[in-house]
Every structure is written in structure tokens, then in C-alpha cells.
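Chain and residue survey
Below, each chain spelled out in residue letters.
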Amino acid sequence: MSESKPLSAEEKKRLLRERRAAKMAGGKATNRLNTILTQGSSVKSSSVTSVLDKEDSPSPSPSGTTGTTVGSDDLPTATTTALDIHNNHDDDPDIQDISAFSSPSPDPEKLLNSTQDIDDMFTKIFSGADGATGPGEDQFAQMMKMFGQAGAGASAGAGADGPSPEDFFAGTPVQNEEEHQYQREVAAYNLYYHKQWKFRFLIIRFSFILINFFYHFLTIPTFKASSYSYIRDISYDTTTTTSFIVWFTTGELITIATYFLISMKYDLFKTTTENSIFIKILSFGSSFLPQLQQYRPLVVRCLSYYELLGIFLADLSLVVVLFGLLSIS
Amino acid sequence: MDLELEPTLESIIQQSSLKWIFVGGKGGVGKTTTSSSIAVQLALNHPNDQFLLISTDPAHNLSDAFCQKFGKDARKVEGLENLSCMEIDPDAAMNDLQQQAQQYNNDPNDPLKSMMQDFTGAIPGIDEALSFMEVLKHIKNQKVADGTDSTESDKISYKTIIFDTAPTGHTLRFLQLPSTLQKLLSKFQSLSGKLGPMMNMLGGAGGQNPQEMFSKLNELEKQVAEVNEQFTNPDLTTFVCVCISEFLSLYETERMIQELMSYNMDVNSIVVNQLLFAEDEVKPCSRCVSRWKMQKKYLDQMSELYEDYHLVKMPLLGTEIRGINNLKRFSKFLLKPYDPKVDSSIITDLEEK
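Criteria and cut-off values
Residues numbered from 1 in each chain as written. Chains lettered and ligands numbered in written order. Predicted model: local features only at pLDDT ≥ 70, side-chain atom pairs only at ≥ 80, totals over all residues. Helix = DSSP H or I, 4+ residues; strand = E, 2+ residues; numbered from the N terminus. Buried ≥ 20, exposed ≤ 12 C-beta atoms within 10 Å, placed from the backbone. Contact = placed C-beta atoms within 7 Å. Axes fitted to C-alpha atoms, helices over the stretch in contact; angles between N-to-C directions. Parallel < 35°, antiparallel > 145°, perpendicular 65-115°, else oblique. Left-handed = near helix turned anticlockwise from the far one by under 90°. Nonpolar A, V, L, I, M, F, W, Y, C, P; charged D, E, K, R; others polar. Expected span 1.5 Å × (residues − 1). Pairing = 2+ DSSP bridges. Arc of directions from axis to C-beta. pLDDT = per-residue confidence, 0-100. Right-handed = clockwise from strand over helix to strand, strands pointing away.

1. Quick look at the overall build of chain A
Along the backbone of chain A there are 13 helices and 0 strands. Start at the N end of chain A and walk to the C end: the helices and strands fall as α-α-α-α-α-α-α-α-α-α-α-α-α. In chain A, which comprises 329 residues, the share counted as buried stands at 16%. Taking the contacts inside chain A whose residues are at least 6 apart along the sequence as the reference set, 66% of them involve residues at least 24 apart.

2. Focus: the overall build of chain B
When you go through chain B residue by residue, the secondary structure sums to 14 helices and 8 strands. Nonlocal contacts in chain B, meaning residues at least 24 apart in sequence, comprise 75% of its contacts between residues at least 6 apart.

3. Topic: the packing of helix 10 (residues 247-262) of chain B against helix 11 (residues 286-305) of chain B
All names here are of chain B. The interhelical angle for the contact between helix 10 and helix 11, taken along N-to-C directions, is 15°, at an axis separation of 10 Å. One way to sum up the angle between helix 10 and helix 11 is to call them roughly parallel. Helix 10 and helix 11 meet at a crossing whose hand is right-handed. Contacts between helix 10 and helix 11 involve Phe247, Leu250 and Glu254 on the former and, on the latter, Tyr298, Gln301, Met302 and Leu305. Split into classes, the residues belonging to the contact of helix 10 with helix 11 amount to 5 nonpolar, 1 polar and 1 charged.

4. Concerning the packing of helix 2 (residues 28-39) of chain A against helix 10 of chain B
The contact between helix 2 of chain A and helix 10 of chain B brings their axes to 10 Å, and the two run at 170°. It follows from the interaxial angle that helix 2 of chain A and helix 10 of chain B lie roughly antiparallel. Here helix 2 of chain A contributes A:Ala29, A:Arg32, A:Leu33, A:Ile36 and A:Leu37 to the contact with helix 10 of chain B, which in turn contributes B:Leu250, B:Tyr251, B:Glu254, B:Arg255 and B:Gln258. Of the residues that constitute the contact of helix 2 of chain A with helix 10 of chain B, the class distribution is 6 nonpolar, 1 polar and 3 charged.

5. Re helix 2 (residues 31-45) of chain B
Here helix 2 of chain B contains 15 residues, and its C-alpha end-to-end distance of 21 Å stays within 8% of the 21 Å for a straight helix at 1.5 Å per residue. Burial runs high along helix 2 of chain B: 13 of the 15 residues are buried.

6. Things to note about the sheet that holds strand 5 (residues 160-164) of chain B
Residue and element names in this part refer to chain B. Read from one edge of the open sheet, 8 strands run 3-4-2-5-1-6-7-8, paired in mixed fashion. The strands lining the two open edges of the sheet, one partner per strand, are strand 3 (75-77) and strand 8 (310-315). With direction set aside, neighbouring strand axes in the sheet form an average angle of 25°. By the bridge criterion, 4 bridges tie strand 1 (residues 20-25) to strand 5 in an arrangement that is parallel. Bridge pairing links Trp20 to Ile161 in strand 5.

7. A closer look at helix 12 (residues 324-331) of chain B
If you check which residues of helix 12 of chain B are buried, you get B:Asn326, B:Leu327, B:Phe330 and B:Ser331. For helix 12 of chain B, the arc enclosing every buried residue in end-on projection is 125°, short of the 170-degree limit, so these residues lie on one face.

8. Observations regarding the confidence of the model for chain B
When the pLDDT values of chain B are averaged, the result is 80; 72% of them are 70 or greater. Among the prediction metrics, the complex's ipTM stands at 0.78, with pTM recorded as 0.56.

9. Overview of the pairing of strand 2 (residues 51-55) of chain B
Residue and element names in this part refer to chain B. For strand 2, a buried count of 5 out of 5 residues is recorded, marking the element as mostly surrounded by other parts of the structure. Burial along strand 2 is two-sided: the face carrying Phe51, Leu53 and Ser55 and the face carrying Leu52 and Ile54 are both buried. Across 5 bridges, the pairing between strand 2 and strand 5 is parallel. Considered in strand 5, the bridge of Leu53 is made with Ile162.

10. Structural notes on the environment of A:Glu274
Residues and elements named next belong to chain A. Within the secondary structure, Glu274 sits in helix 11 (residues 268-274). Of the residues examined, Glu274 has 25 C-beta atoms within 10 Å and is grouped as buried. Placed 26 residues apart in sequence, Glu274 and Val300 show a C-alpha to C-alpha distance of 8.7 Å.

11. Remarks on the environment of B:Cys288
All names here are of chain B. Relative to the elements of secondary structure, Cys288 occurs in helix 11. The exposure class assigned to Cys288 is partly exposed, which follows from the 16 C-beta atoms found within 10 Å. Once the C-alpha coordinates of Cys288 and Leu275 are considered, the two residues, 13 residues apart in sequence, prove to be 9.8 Å apart. Those residues in contact with Cys288, other than ones at most four positions away along the chain, are Leu276 and Ala278.

12. Topic: unusual backbone geometry
With phi around 60°, A:Asp267 is a residue other than glycine that occupies positive phi space. Within the element layout of this structure, A:Asp267 appears in the loop between helix 10 (238-266) and helix 11. With phi around 55°, B:Cys67 is a residue other than glycine that occupies positive phi space. Structurally, B:Cys67 can be placed in the loop between helix 3 (62-66) and strand 3.

13. Side note on the environment of B:Val240
Residue and element names in this part refer to chain B. Following the sequence through the fold, Val240 ends up in strand 6 (residues 237-244). On the neighbour-count criterion, Val240 (26 C-beta atoms within 10 Å) is buried. Those residues in contact with Val240 that lie beyond four places of it in its chain are Ile21, Phe22, Val23, Thr34, Ile38, Ser269 and Val271.

14. Let's talk about the pairing of strand 7 (residues 267-275) of chain B
Residue and element names in this part refer to chain B. Burial analysis of strand 7 places 7 of its 9 residues in the buried class, which makes it a mostly covered element. Bridge count between strand 6 and strand 7: 6 bridges; the pairing is parallel. Note on strand 7: the bridge partner recorded for Val242 is Val271. Viewed along the sheet, the connection from strand 6 through helix 10 into strand 7 turns out right-handed. Summarising the sheet, strand 7 and strand 8 pair through 5 bridges and their orientation is parallel. Bridge pairing in strand 8 links Leu275 to Pro315.

15. Re the confidence of the model for chain A
Residue and element names in this part refer to chain A. Per-residue confidence for chain A gives a mean pLDDT of 70; residues scoring 70 or more make up 55%. Mean pLDDT in chain A bottoms out at helix 7 (residues 165-169), which sits at 45, and peaks at helix 1 (residues 9-24), which reaches 89. Contacts for the low-pLDDT stretch residues 57-88, under 50 throughout, to residues beyond four places or in other chains number 68 contacts. Low pLDDT, under 50, characterises residues 128-140; the predicted model gives this stretch 11 contacts beyond four residues in sequence or across chains.

Right under this line is the structure:
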């Protein structure tokens, strides 16, 4: 039996170096890292690559491996520098495709050729889409009308708070024009719908008032009026007048309440408030003072009640006219 | 074949051929203490040789470790005459460079001067570059000692230079410098050959002799090549990894070892610091027991991963290891493994500074 020669210190060191290198070669370096990560419950487990296993162009150590460093053939031959490692982006997160989120850029040709369209658009805006510019209206009123129409168009069915810059500047001019056309049509329809209901109620109110009036006039001989107070004092029968007033008030209450309910149901007040000069001033002012927006609901409510008050005053005016006519006869 | 590896740094301390020892690892693991301990043991075991401990960490700690002020020039450690320490100061080194450059540009009103000083002082890696320049200087001095260079004979030559390095990233950057510089210089040389006439013209316009510049660059390239050669020779250079028995440190240590292997730098020793050895205590503290359990888990992992390395286990002491006397007592465990049953008295027995 031959005795194995004891290893010298140098040989021992060389063998150990070779063993260490062998344990890092052939992808084992990455495995070692991943083993550590896995056992340490790291969030990066199995996702790292060792610098020894990265496929970089070899940056030769200028002096080469001197002497008997680690002379085995299975050494990692690619010596990388930090620059190469820095440029190797294997561990970087994946690049996300954001094309789905980006809006298509406008066609430059269309943009260049759309100057005329933009001019037309502004002309239409400033001249009023429905052509309802009165001869006596000044420039400010026209601008207010522009804002109102734009706001009405933008908020038709949507309840937006007046015109927004996006209404003017969003999208291409062609898209904007179609949208504005649509908004205008919607606004016009809403207005028509509102007027329709107002007309219906107008018919009902006036009919009721006239019926009430002529009933009392024809059936009650003492139902008279005069512009002279002494005549009114002579033949004054309060019961007939009181009867008329009670019926009038009752009728008014019923019609106004019904109108209010229907307006709330079909959102008819919006059309009124949007076209209101006060809302337009508020919208204009809120662009400088955003705090003014908090008063908008209050103003809208007041305008709604004002419309109801207007109905009552209109009916009252009719009654006054009728009694005035009666006093002549 | 089973090659038994002692869990000590005996092989490093006794290896006579070693010229460069780097001590590095993650921040706060005890690099300065370990590098100081290695330097102390080298000085104690080789009383006739001179050793130099250089700190390349911008946040120097050597002065605190030895309780003695050190600076940019090597100063002997009090109580250990054959050991010197140096803390490289980038600002002072830059001033030296500026003074050297004044021979080329003596204009006191040069607006670029102060700007360049501020600018170069802030360049990332400037600390590493200046440390490297120090290395070059010592290589030159070694030639003096070897008798190969007779131009300067009054420089001290150190048998071994120990580097207390900055946390891992800085150190790796420092170690790349030789190969990076060498590539740069060789590129420059090839370019200078092609653009020689133009360089002559520019050099002449600036009042500098381009030939002198080229010769200096040539000399620099040779020195860098020599450094590169020495750093990749395991008989001349080794890297001691310092870590603690925790997950992050273990992972960083493994990455650092792999990175160093890619630079062809020898790593054969790992020092595991701050170990509690709590199982043999008479009155074990619950926190220590729990922590020791965690440390043992990673120690077992290290034993598997680093069976071909010298794995030195150092204890966590009750006080800071500061001052030459404490360092002497603590550093002996680098050569003789710490036995908690026998050596536990040191935990509370150190001098308080």
C-alpha cells in the first residue's frame, strides 16, 4: 500500500482555490445566491444572476492571471468590470407597454389644415350658435352668451358646472366641432322641452284664471270693478271677491306646486339656471375665485324659486289686467 | 480529499509573501476592528517588519479604534512601533495634487483652479482614486526596498499593507481601478500615436512638453499594470471578508466574494463577528438566546457554503474594542479560535475607554 504524500502548504492552497473556483463555475454561483435568498425568505428569491454567470464580453485582466492563481479550465473566463455589470440590465424591471394608455397623437396635417376650422369655430362661438344675437346686444353679452351656450352644450344631461377649458381645447378641431354641434342641439332640445312644459302650464293657469274670472263675472252680478274707490265702496260685495281670490290662490298653489314637481322630475330648472346671467357671472368669476363655486347651489335654488315667483306674478298680472278691463265696462 | 481548514487567520498572518491585505464587508460588521486586529497580529508576529494600515473609508475610524490621531501621513501606533496607520484625506491629497500642478500653471488668478478643486473633490470615486494613488506610491517605495529603484532611498517600505476599506460598493469600485485605468491608458496611448502631431501642437501651445506628458503616462500605465498584476496574485494579495451572522450580511458577503472572483482576487478567509455564543452561559438572557439561535441558523449555512474558506468566529464583547491593549486581547482570537467556555471572561474584562 503506497502512502499518500502529505500536501505542502502551497499545494493545499492551490487545491482549495481550485475547489472554490469550481463551486462558482457553471452557473453554480447563481444557485448559491438563490439558495441564500430562498432560505432567507427574501422577496427576490430565484431572480438574481451572479456576476460570474452573466454573459458579458470578457474584459481581460491586463496582466492575465498571474502565475498559478486558479489554473483550472473550468474557471469563469469572463472577467467583467463594474461598467459592464452596470450596463447589463437583466435585473431591471420589465418595461411596460404604455401604448394602450397614450392617446393617439393628432394628425399633423390635419392640425396644419385646421386653422380655417378653428377660425370657423371661434366665429360660430362668438356669433352665437342659434343665431339669436339681438341687434342691441353688446360684446359682453355676446361673450356671456358664448359661455352659456358652451356651458349648456357641455353640460347637457351631464350636470357639469359650466364650460370647461376642455370643451374648447380638447381633441382635434373636427371632433370639437361635432361635439359642440351635438351640445348645441341638446341644449336647444332641452330649451324646447322646458318651453313646452311652461306653455302647457301657461295654458292651464290662464285657462283656470279666465274660467274663474268669467264664472264670477257671469254668475255674480255684483262682481264688478271700478277705478273709483267710492263706486267700489257703494257696491262692494266682499264675498264674491273673496271667493275669486280663494279660488285664484288655490289654483295658483296647485299649479305652481305641480310645476315645481314636474320641473324637479324632468330637470327643467337647469335650463333656466344655465342660461341665467347670474350663473354665467358666477362661472366667469369662479375662474378667478374658485371659492365662488360654493355659492352655486344657493344661486340655482334662488333662481328656481324666482321662476316660480315669476309664474305667480304673471298670473297676478293677468288678474290685474282682467279687473282693469272690468272696471272700464 | 478532505482538506481541513482551521477557523483562524493563521495562514494569512504567517504567510510571508503577502503584500496587500484587504478587509472589507458590509457597513457596521466590524471591518475596522478586524483590520486593526489583523494589523496588530501581523506586527506582533513579525516584530522586525514594518506594517501599514490604511483606511480608504471616507468615514475614517482608525483614530477611534486605536484612540490615537492619525492623518494622511503614516504615523506609528503608540505601543506597537512596527505598525503605522494612515487615513487618506481626499481634500489634503487634492491640495498636494494642486501644488504639484502649480509647476504647470502658476497663475494665481486662474478662475478654473478653485473650481476644479471643488469639482474634483466631489467626483464619485475620488476617494478610491486617491487611495489607489497611495497604493502606487507604496509600490514605488517597495522597489526602493527591493533595490530595483535607486532613485529614492529614504522611503519606508512596508512588508504588508492592510486596507481598512469602505463598505462594499466603494471597495469594489476601488478594485476595478487598476483594470479600468489600464484600459484607459492603453486607449490613450493608441490615440496619442494617431494624434501625435496635433497633441504636439496643443502641448506646445499650453507651454507643456507633450513628450514629458506621454512619458509620465507611460510610467503611470506601467505602475497600474503592476498593481493589477499584484492584486490578482494570490501569493501577494488576499481579501478578508467580514460579516455578521445575519441574512443581509451573508447575502452581501456571497455577492462580494463572487464579484472579487470575477476580478481574479483571492478570497480565502471570512470573519464572522458579533457572535453571542449564548448556549453555554450560566445565566442566559432570553434576548441573547433568541438571537444566538438566529445566528446559529446562518452559521450553519455559512459552514456549508464556505467549507473551503477559513471561517473565523469572533465574539460580541461587552464593550467597544478600542485602544491598542484591547485590540491585542481581541485579535488573538484570529489565531486561536474563541472558546466560550474558556475565554468568556474577555466579554466584560476589556479596558473601558
